[in-house]
Amino acid sequence: MQGYELTEQEKMTLVPGAGITLAAVMAVLAIAITAVVVYRMFRSGSGSAKMPGGWQFTWK
C-alpha cells in the first residue's frame, strides 16, 4: 500500500479528535453503567452479583 501527499484543500477538510471523543464517550458510558449497578446494589434489601473473573458479592 502506497501513500500519497494530500493537497492543501484535502488537508483543510481533515478534522482531528475523533479518537479522543470516542474514548471520552466510552468512559462516560462505563461510569454511568457502574453507577447504576452500585446504586441498585445499595438500594436493594439483599442480593448477589457475579462478575467476570470470579468476583462475587453478596449482601443481606
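**Looking at the pattern of salt bridges**
Tallied over the entire structure, the rule returns one salt bridge. Put simply, E8 and K11 hold a salt bridge, and the shortest N to O gap is 3.7 Å. You can see E8 and its partner K11 sitting in helix α1 (residues 8–13), three residues apart, about one turn around the helix. Among the residues examined, E8 registers a relative accessible area of 56% and is labelled exposed.

**A short note on the packing of aromatic side chains**
All told, the structure shown has one aromatic pair when counted by the stated rule. Ring plane angle 15 degrees and centroid distance 6.4 Å describe the contact between W55 and F57, whose orientation is recorded as stacked. The class for F57 is partly exposed, based on a relative accessible area of 33%.

**Overview of the pairing of strand β2 (residues 55–59)**
Relative to β2, strand β1 (residues 47–51) runs antiparallel, the two sharing five bridges. By the bridge assignment, M51 is partnered in β2 with W55. With antiparallel pairing between neighbouring strands as the criterion, β1 and β2 make up a hairpin whose turn holds three residues, including G53 at a positive phi of roughly 95 degrees.

**Re the environment of F57**
When you line up the elements, F57 lands in strand β2. A sequence separation of 18 residues divides F57 from Y39, and the C-alpha atoms of the two residues are 14 Å apart. The residues touching F57, leaving out its near neighbours within four places in the chain, are M41, G47, S48, A49 and M51.

The rules behind these values
- Residues numbered from 1 in each chain as written.
- Predicted model: local features only at pLDDT ≥ 70, side-chain atom pairs only at ≥ 80, totals over all residues.
- Heavy atoms only, no water.
- Salt bridge = Lys/Arg side-chain N within 4 Å of Asp/Glu carboxyl O.
- Helix = DSSP H or I, 4+ residues; strand = E, 2+ residues; numbered from the N terminus.
- Buried < 20%, exposed > 50% of the residue type's maximum accessible area, 1.4 Å probe, protein only.
- Phe/Tyr/Trp six-rings, centres within 6.5 Å; stacked < 30°, edge-to-face > 60°.
- Pairing = 2+ DSSP bridges.
- Contact = heavy atoms within 4.5 Å.

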